[in-house]
Amino acid sequence: MEKHVLIIGSGLGGLTCGYILSKNGFKVSMFEKHAQPGGCLQTFVRRGVKFETGMHYVGSMEEGQTLHRFFKYLSLLSDVEMSPLDKSAYDIISFGGERFAFANGAEHFVDSLTARFPQERRNLQNYFRVIRNVAGDSPLYSLRHTHPVTLLNPEYIKQSASAFIDSMTPDPLLRQVLAGNLPLYAGIRGKTPLYIHALINDFYNKSSYRITGGSDAIVRALVKSIRAAGGEVCTSSKVTKINCDEKQAVGITLESGEEIRGDYVISNIHPCRTIELLNTRLIRKSYRERIVNLRNTVSNFTVYIQFKKRAAPYLNSNFFHYNGASVWGCENYTEADWPKSFLYMHHCSERDQRYAVAAVLFAYMNFEDVARWNGTRTGRRGDDYEDFKRQKAERLLDELEKQMPGTRASIERYYTSTPLTYLDYTGTEKGSMYGIFRDCTEPVQTVVSQRTKVNNLLQTGQNINSHGILGVIIGAIIASGELLGVNTIIAQIKNA
């Protein structure tokens, strides 16, 4: 008799688990509280223009590279069209009145920065040698069989990214530049582990792409595959309780009151939300308190920009700008100096794009800035909330105009979101961008396992393993591996 797996939430982690398990003979039922599946892969449309909410670009998508192999296994290659970013400048770091380009490929990366830092070639080569070694050392990132399941060398978890960068070069400006894309992981000086910086930079340096037409193409393809394998993906189906007997989880209860039994439950929601669904002695008070008290990454304020037709040339790079004396610490701001930094990206709506249709403009924002409206409903937060958003958007657009003169004249209209928006649509604690914060000074305490204290209740998503498309897929492999064996899944990926 086939085993029944209930999956709470339809973000990338849940969808990937659903695909893997349904492919391997499990009965899969997925429950999403919103009308649209996808989690951070959700998009929205305003006046005919589509906007991304979370997944803005991906890496390692060339033939044979890691994400390409995952996409092949997940049957995504034929349904998801990719557009390559500028190979000579996939990321641009704007700092101290200068701009620095990150080029694809370790050699090109080193060559590009050596033009500005001619004495630093050997240090830059050593920097990327370590980056490659960290990424290659992980069996799951390099698709090697592993027993027991090993993610990383503990030394890469205990060393901070900032300490590593500082050890690579004595040049203070180059140190800032090498850390310049840290909004991709909300890095904190002295806290964020080396492995997060290394894995992300290796991932994007190998190749960088935008998803043509929106990341919801990934969602549609995975949902189609799950249903074709006999699985269910139920939207507008909010789970209000995980039901347990004296030994294990036995099912879930929906907001409608319907109870559904299953052999396993996989939670793709934030661990704090999972804990809220459990009322059982199997979860001890100490475990509950540890999860609830874990630090989360900072949130953000976003401006979604719609351009006038043929008014804004398409920017095929991601633009990271900093106003202050350091790229670190931009999450610590005052009303007077916000924003200390921003990230600006265009959406790719068609192949060989010449003019931008839409863009996103991000700046860090702490939940405390919007806490006074917590508990209110989307669209009903009052005029003072709308004024707050308008003032922040105008200030952020002013900063963009300083760096990209003429941009304001190209804008047709814009929309905004705050940490409250992210909380509402993803359920992540305090609207955090990347979920639970990993701290190299407390490596064990800030890691959340795919296993819970309930034997047949598992977790997946950006809080397990790591965030981002690659980190979440690997986290889903780890969670699904609890039922199938991780090496079985690795073998299937290699044979895809």
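Keep in mind it's a predicted model, so treat the numbers as computed, not measured.

**Student:** Lay out the nonpolar core in plain terms, naming residues and giving numbers.
**Tutor:** Grouped together as the largest cluster of nonpolar side chains are 109 residues, with contacts concentrated most on Leu67, Phe71, Ile218 and Ile469. The biggest single contributor to this core is helix H16 (residues 468-484), with 9 residues. Setting aside chain neighbours within four positions, we find Leu67 in contact with Val58, Gly59, Ser60, Met61, Phe203, Ile469, Leu470 and Ile473.

**Student:** Now, about the sheet that holds strand S13 (residues 259-261): what can you tell me, with residues and values included?
**Tutor:** What the 3 strands build is an open sheet, ordered S11-S12-S13; its pairing is antiparallel. The open sheet terminates on both sides in strands that have one partner only, identified here as strand S11 (239-244) and S13. Put simply, the sheet's adjacent strands are angled 25° from each other on average, direction ignored. Pairing between strand S12 (residues 249-254) and S13: 3 bridges, direction antiparallel. Across the sheet, Gly251 pairs through a bridge with Arg261, a residue of S13.

**Student:** If you had to explain the sheet that holds strand S10 (residues 232-234) to someone new, which residues and values would you point to?
**Tutor:** Taken in spatial order, the 5 strands line up as S10-S2-S1-S14-S20 in an open sheet, and their pairing is parallel. At either end of the open sheet lies a strand with only one pairing partner, and these are S10 and strand S20 (457-459). On average, each strand axis in the sheet is inclined to that of its neighbour by 20°, with strand direction left out of account. Here 5 bridges tie strand S1 (residues 4-8) to strand S2 (residues 27-31), and the two strands are oriented parallel to one another. The partner of Ile7 across the bridge, within S2, is Met30.

**Student:** Explain empty space enclosed by the protein to me, and be specific about the residues and the numbers.
**Tutor:** Throughout the structure, instances matching the rule amount to 3 cavities of 30 Å³ or more. One number sums up the size of the largest cavity: a volume of about 70 Å³. As for the largest cavity, its lining consists of Tyr185, Thr192, Ile196, Thr297, Tyr434, Ile436, Phe437, Arg438, Ser466 and His467. Residues of the lining of the largest cavity, tallied by class, amount to 5 nonpolar, 4 polar and 1 charged. Put simply, the second largest cavity is a space of about 50 Å³.

**Student:** Tell me about unusual backbone geometry, and please be specific about residues and values.
**Tutor:** Among all residues except glycine, the phi angle is most often negative; among peptide bonds, the trans geometry is most common. Between Trp338 and Pro339 the backbone carries a cis peptide bond, its omega angle lying at -5°. Positionally, Pro339 belongs in the loop between strand S16 (318-322) and strand S17 (341-346). Notably, Ser60 is not glycine yet its phi reads approximately 55°, a positive angle. Within the secondary structure, Ser60 is located in the loop between strand S5 (58-59) and helix H2 (66-73). Residue Ser60 is classed as buried on the basis of its relative accessible area, which comes to 2%. At Asp352, a residue that is not glycine, the phi angle is positive and equals roughly 55°. Note on placement: Asp352 falls in the loop between S17 and strand S18 (358-365). Judged by its relative accessible area of 66%, Asp352 is exposed.

**Student:** Requested: an account of the pairing of strand S9 (residues 208-211), with residues and values cited.
**Tutor:** Residues Ser208 and Arg210 point to one face of S9 and Tyr209 and Ile211 to the other, with burial holding for every one of them. Sheet analysis places S5 next to S9, joined by 2 bridges and oriented antiparallel. Bridged to Gly59 within S9 is Ser208. Pairing of strand S6 (residues 82-84) with S9, which is carried by 3 bridges, proceeds in the antiparallel orientation. Among the inter-strand pairings, Ser83 is bridged to a residue of S9, identified as Arg210.

**Student:** Account for the environment of Asp263, with residues named and values stated.
**Tutor:** Its place among the elements puts Asp263 in the loop between S13 and strand S14 (264-267). As a C-alpha pair, Asp263 and Tyr422 span 159 residues in sequence and 32 Å in three-dimensional space. Sequence-distant contacts of Asp263, that is, excluding residues within four places in its chain, are made with Glu2, Lys3, His4 and Asn456. At 2.7 Å, the side chain of Asp263 forms a polar contact with the backbone nitrogen of His4.

**Student:** Let's hear about the pattern of salt bridges: which residues, and what values?
**Tutor:** Per the stated rule, a full pass over the model turns up 26 salt bridges. A salt bridge links Arg408 to Glu394; its shortest N-O distance comes to 2.8 Å. Here Glu394 lies in helix H13 (residues 383-403) and Arg408 lies in helix H14 (residues 407-410), a separation of 14 residues in the sequence. When the shortest N-O distance is used, the salt bridge between Arg451 and Glu482 registers 3.1 Å. Taken together, the residues Arg451 in the loop between helix H15 (419-426) and S20 and Glu482 in helix H16 connect sequence positions 31 residues apart. The class for Arg451 is exposed, based on a relative accessible area of 53%. Judged by its relative accessible area of 30%, Glu482 is partly exposed. Because the salt bridges share partners, they merge into one network encompassing Lys50, Asp216 and Arg220.

**Student:** Could you give an account of H2, naming the residues involved and the relevant values?
**Tutor:** Side chains of residues three or four places apart in an α-helix project in the same direction, reflecting 3.6 residues per turn. Across the 8 residues that make up H2, a large majority, 6, are buried. Taken residue by residue, H2 has Thr66, Leu67, His68, Phe70, Phe71 and Tyr73 as its buried positions. Once H2 finishes, Ser75 follows within two positions and takes phi at roughly 60°, a positive value.

**Student:** With reference to specific residues and values, describe H15.
**Tutor:** Inspection of H15 places Pro419, Leu420, Thr421, Tyr422 and Leu423 among the buried residues, and these make up the whole buried set. Buried residues in H15 make contact with strand S15 (299-307), S18, H13 and strand S19 (411-417). Positioned one or two residues after H15, Gly427 has a phi angle of 75°, which is positive.

**Student:** Could you give an account of the environment of Gln445, with specific residues and numbers?
**Tutor:** Mapped onto the elements, Gln445 comes out in the loop between H15 and S20. Distance from Gln445 to Arg290, taken between C-alpha atoms, is 8.1 Å for residues 155 residues apart in sequence. The residues touching Gln445, leaving out its near neighbours within four places in the chain, are Arg290 and Leu294.

Rules used throughout
- Residues numbered from 1 in each chain as written.
- Predicted model: local features only at pLDDT ≥ 70, side-chain atom pairs only at ≥ 80, totals over all residues.
- Heavy atoms only, no water.
- Core = buried A, V, L, I, M, F, W, Y, C linked by side-chain atoms within 4.5 Å.
- Buried < 20%, exposed > 50% of the residue type's maximum accessible area, 1.4 Å probe, protein only.
- Helix = DSSP H or I, 4+ residues; strand = E, 2+ residues; numbered from the N terminus.
- Contact = heavy atoms within 4.5 Å.
- Pairing = 2+ DSSP bridges.
- Axes fitted to C-alpha atoms, helices over the stretch in contact; angles between N-to-C directions.
- 1 Å grid on protein atoms, 1.4 Å probe; cavity = no way out; pocket = protein on both sides within 12 Å on 5 of 7 lines; lining within 4 Å.
- Points joined across faces, edges and corners; volume = space filled by probe spheres on them.
- Nonpolar A, V, L, I, M, F, W, Y, C, P; charged D, E, K, R; others polar.
- Polar contact = N/O pair within 3.5 Å; in protein donor to acceptor, adjacent residues only side chain to side chain.
- Salt bridge = Lys/Arg side-chain N within 4 Å of Asp/Glu carboxyl O.

In short, geometric facts, not functional conclusions.
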